[in-house]
Structures are given as structure tokens and as C-alpha cells.
Amino acid sequence: MKTLHVDSRTRLRPVRRTDAKALFALTESNREHLRAWLPWLDAIRSEKDTETFIAACVERARQTGAFTALIEHEGRACGVAGYNWIDAANHACEIGYWLDRDHIGRGIMTGCCRALIAHAFDVVELNRVNIPAAVGNRRSRAVPERLGFTQEGVLRDAEWLYDHYVDHALYTLLRRDWEAPQAGQEEP
Ligand SMILES: CC(C)(COP(=O)(O)OP(=O)(O)OC[C@H]1O[C@@H](n2cnc3c(N)ncnc32)[C@H](O)[C@@H]1OP(=O)(O)O)[C@@H](O)C(=O)NCCC(=O)NCCS
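Right, let's get into the sheet that holds strand β1 (residues 4-5). With mixed pairing, eight strands are arranged side by side in an open sheet as β1-β2-β3-β4-β5-β6-β8-β7. Each having just a single partner strand, β1 and β7 (150-161) make up the two edges of the open sheet. With eight bridges joining them, strand β4 (residues 76-87) and strand β5 (residues 92-99) adopt antiparallel strand pairing. Counterpart to Trp85 in the pairing with β5 is Glu94. Sheet strands touched by helix α4 (residues 108-123): β1, β2 (10-14), β3 (68-73), β4, β5, β6 (128-134) and β8 (164-174). Its angle to β5, the strand with the most contacts, is close to 160°.

Let us look at α4. Between the first and last C-alpha of α4 there are 22 Å, a value that for 16 residues agrees with the 22 Å anticipated at 1.5 Å per step. Most of α4 sits inside the fold, with 12 of its 16 residues counted as buried. With its phi angle positive at about 60°, Glu125 sits one or two positions after the end of α4.

Right, let's get into the site of the ligand. Not every one of the 20 residues close to the ligand is listed here, only the nearest: Gly105, Met109, Thr110, Asn137 and Arg139. At 2.9 Å from a nitrogen atom of the ligand is found a main-chain nitrogen or oxygen belonging to Tyr97. Here an oxygen atom of the ligand and a backbone polar atom of Arg106 are 3.2 Å apart. Coverage of the ligand by the protein amounts to 72% of the 950 Å² it exposes when considered alone. Contributing elements (two or more residues each) for the shell around the ligand: α2 (31-35), β5, α4, β6 and α5 (138-146). Counted by class, the shell around the ligand contains 11 nonpolar, six polar and three charged residues.

This part takes up the environment of Ala92. You can see Ala92 is positioned in strand β5. Measuring from C-alpha to C-alpha, the distance between Ala92 and Phe121 comes to 9.5 Å, with 29 residues separating the pair along the chain. The contact partners of Ala92, leaving out residues within four places of it in the chain, are Trp85, Ile86, Asp87, Leu126, Arg128 and Asn130.

Pairs of aromatic rings are described using the distance from one ring centre to the other and the angle between the two planes. Within the structure shown, the criterion is met by four aromatic pairs. The side chain of Arg35 reaches across the aromatic face of Tyr162, ending 3.8 Å from its centre.

Here Asp42 is to be found in the loop between α2 and α3 (47-64). When the C-alpha atoms of Asp42 and Gly148 are compared, they prove to be 33 Å apart, with 106 residues separating the residues in sequence. Those residues in contact with Asp42, other than ones at most four positions away along the chain, are Arg35 and Tyr162.

All of the buried residues along α5 are Ser140, Arg141, Ala142, Val143 and Pro144. On its buried face, α5 sits against β5, α4, β6, β7 and β8.

Attention now moves to the pairing of β7. Pairing of β7 with β8, which is carried by eight bridges, proceeds in the antiparallel orientation. Opposite Glu159, over in β8, you have Val166 as the bridge partner. Linking two consecutive strands that pair antiparallel, namely β7 and β8, is a turn of two residues; a positive phi of about 70° is found at Tyr162 within it.

With that out of the way, let us pick up the layout of surface pockets. Of the pockets and cavities examined, the largest pocket occupies roughly 1,100 Å³. Around the largest pocket sit 45 residues that line it, and Leu38, Gly96, Tyr97, Trp98 and Ser140 are the ones nearest its centre. Every element with two or more residues in the lining of the largest pocket is listed here: α1 (20-29), α2, α3, β4, β5, α4, β6 and α5. By residue number, the principal contributor to the lining of the largest pocket is β5, which donates six residues. In terms of residue class, the lining of the largest pocket is made up of 25 nonpolar, 14 polar and six charged.

Analysis parameters
Residues numbered from 1 in each chain as written. Predicted model: local features only at pLDDT ≥ 70, side-chain atom pairs only at ≥ 80, totals over all residues. Heavy atoms only, no water. Pairing = 2+ DSSP bridges. Helix = DSSP H or I, 4+ residues; strand = E, 2+ residues; numbered from the N terminus. Contact = heavy atoms within 4.5 Å. Axes fitted to C-alpha atoms, helices over the stretch in contact; angles between N-to-C directions. Expected span 1.5 Å × (residues − 1). Buried < 20%, exposed > 50% of the residue type's maximum accessible area, 1.4 Å probe, protein only. Near = heavy atom within 4 Å. Polar contact = N/O pair within 3.5 Å; in protein donor to acceptor, adjacent residues only side chain to side chain. Areas by Shrake-Rupley, 256 points an atom, 1.4 Å probe, with all protein chains shown as cover. Nonpolar A, V, L, I, M, F, W, Y, C, P; charged D, E, K, R; others polar. Phe/Tyr/Trp six-rings, centres within 6.5 Å; stacked < 30°, edge-to-face > 60°. Lys NZ or Arg CZ within 6 Å of the ring centre and 35° of its normal. 1 Å grid on protein atoms, 1.4 Å probe; cavity = no way out; pocket = protein on both sides within 12 Å on 5 of 7 lines; lining within 4 Å. Points joined across faces, edges and corners; volume = space filled by probe spheres on them.

Structure follows, in C-alpha cells:
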């Protein structure tokens, strides 16, 4: 899998085994911020755990094409984004993401998702992109909303977050939504 260029300052580079040290350090420094919405923080306690995570990502990418990428902004790792899964039979995928606390609020994740969506439709030739987000996770929900996704519904108790369930808002974008002219850009 090749690197996806998001813009002149940001790229998505598929994770590799040698990223374990840097990725574990980034996880450590964002532990509390991420723990509010992501369920896997307690399972990542050492660099070895991150190595195991990366090995699983590399294997999944090899088998299904669903790659997980390190976000590099101005040359520094600042988060993770990629496909949680690709369903080849139904031409669908799910995007997941997180960002370092100090990099929030600059449009980095919206740009990364735009690149992942274009790759999904134009290169992998998928038809449907899913982004689920906890109903209370305003910043995460704003990413697909900004990109023109449709909220299809709410999945009740969809995720166990350490000591409680959260409902998920399910956002989807179809290839035909992506290809449709945006408001104000219609042919005359
Ligand atoms: C979810 C998460 C990645 C969203 O991060 P984010 O920085 O809000 O999203 P973006 O990088 O797309 O930035 C959007 C913000 O930058 C601003 N922005 C600046 N330039 C922008 C641009 N060119 N394009 C879009 N937004 C821009 C937007 O106004 C918005 O800020 P606001 O909410 O204060 O209005 C982040 O909050 C996070 O990592 N949370 C914890 C983990 C998590 O919840 N993961 C998702 C689980 S489903």
C-alpha cells in the first residue's frame, strides 16, 4: 500500500513494524483524551502491545487491503486513520481515526478522511463508506457531517466503553453521493 498525500503538509503512511516506539509514545501522551471515546486504551500498556497491534494491521492490510495509516503532519506523527475493515463482497468499508490532542481543530482529520474516501471509491472501487461515531462524540460526528455523509440511524448500545455502553450514530457515503455535483457546482 502506498502513501496517500492529503495536502502539502499532511500524508497518510501505512503503519509498519518500525513505528511501534513512536506510536506507543503518541498513544501514551494522549491516553486520557483518547480513552473518552476509544475502547482499546487499557489493552495498550507497553510498546510490545503496540507492536502486536501493528502486526495485526499489517496482516489485515495484506489479506483484505484494509490498511491503517500513521498521519504525518509537517513530518511528525500526529494520529492514526484508515480502514477498520473492507467488505469486498458488498464493496463497503469503515473508516476509523484519532488525532493527537495538540493537532485538533485544524481540519487535519477531515482532510485525511477525504483522501481515504477518494481512495476507497477511485482506487479500491468500493460503493459505500461507513463512519460510526458515538452519539456524544461531537468532534468525531462533525467529520462525516462536514464531508456530506448521511446519518442513517442510531445503533443502540453499539460499543462497550470500559464501564458503559454508548450508542453510535452511523454515517454513510455512497459513491453516487460523492460523484454528485455539490450545491453551487451544478452544470449551468
Ligand atoms: C475525532 C477527532 C479526530 C476530530 O478531530 P478534529 O480536529 O475536530 O477534526 P478535524 O481535524 O477535521 O478538524 C476540524 C476542526 O478544525 C477546523 N478547521 C480548520 N481548518 C479546517 C479545514 N480546512 N477543514 C475542515 N476543518 C477545519 C474546523 O472548524 C473544526 O474545528 P471546530 O470543531 O472547532 O469548528 C478528534 O477529536 C479525536 O481524535 N478525538 C478522540 C478520538 C476519537 O474520538 N476518535 C473517533 C472515534 S469514532
